[in-house]
Amino acid sequence: VQLQASGGGSVQAGGSLRLSCAVSGSIFRVNSMGWYRQVPGKQRELVATITSGGNTNYADSAKGRFTISRDNTKNIVVLQMNSLKPDDTAVYYCNVQGWITRTSYMDLWGKGTLVTVSS
């Protein structure tokens, strides 16, 4: 089972980007899906998560600007980022938690996709 993320890139402040992450491979059940980000020299931090039931959780910095959504039939999670700021510049990581089999739990991380916001 792997995570395949896409959608990073460079944008000017005020612009938008859409990150997508798909789970590839056989999986029994996906629970939480989310996005985290990391700036060099700092700890990885939460951006947003979404449960299988659609409950969302956002970092204060993301509220009102970012929207997380998921497609449970395809095991895809999307982060729509609007009104981007230079402070949003970071490597964004997809995270998926759930069960590969009925008894084997997983906590997977994608490779990361770079988002650069210029002023």
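Residues numbered from 1 in each chain as written. Predicted model: local features only at pLDDT ≥ 70, side-chain atom pairs only at ≥ 80, totals over all residues. Heavy atoms only, no water.

Remarks on the pairing of strand E5 (residues 45-50)
Then, number 1: Alignment of strand E4 (residues 29-38) against E5, held across 5 bridges, turns out to be antiparallel. By the bridge assignment, Gly34 is partnered in E5 with Thr49.
Then, number 2: Count of turn residues in the E4/E5 antiparallel hairpin: 6 residues, of which Gly41 carries a positive phi of about 90°.
Then, number 3: Alignment of E5 against strand E6 (residues 56-58), held across 3 bridges, turns out to be antiparallel. For Ala48, the partnering residue across the bridge sits in E6 and is Tyr58.
Then, number 4: As consecutive antiparallel partners, E5 and E6 are separated by 5 residues, and within that stretch Gly54 has a phi angle of approximately 95°, a positive value. (Pairing = 2+ DSSP bridges. Helix = DSSP H or I, 4+ residues; strand = E, 2+ residues; numbered from the N terminus.)

What to know about the environment of Arg29
Then, number 1: Secondary-structure assignment places Arg29 in strand E4.
Then, number 2: Excluding its chain neighbours within four sequence positions, the residues that come into contact with Arg29 are Gly98 and Trp99. (Contact = heavy atoms within 4.5 Å.)

A word on the nonpolar core
Then, number 1: Counting 29 residues, the largest nonpolar core has Trp35, Leu79, Met81 and Tyr92 as its most contacted members.
Then, number 2: Going through the elements one at a time, strand E3 (17-24), E4, E5, strand E7 (66-71), strand E8 (76-81), strand E9 (90-99), strand E10 (105-109) and strand E11 (113-118) are the ones with two or more residues in this core. (Core = buried A, V, L, I, M, F, W, Y, C linked by side-chain atoms within 4.5 Å. Buried < 20%, exposed > 50% of the residue type's maximum accessible area, 1.4 Å probe, protein only.)

Quick look at the sheet that holds E7
Then, number 1: The strand order across the open sheet built from 4 strands is E1-E3-E8-E7, with neighbouring strands paired in antiparallel fashion. Two strands close off the open sheet at either side, each with one partner strand: strand E1 (2-6) and E7. The sheet shows a mean angle of 15° between the axes of neighbouring strands, taken without regard to direction. (Axes fitted to C-alpha atoms, helices over the stretch in contact; angles between N-to-C directions.)

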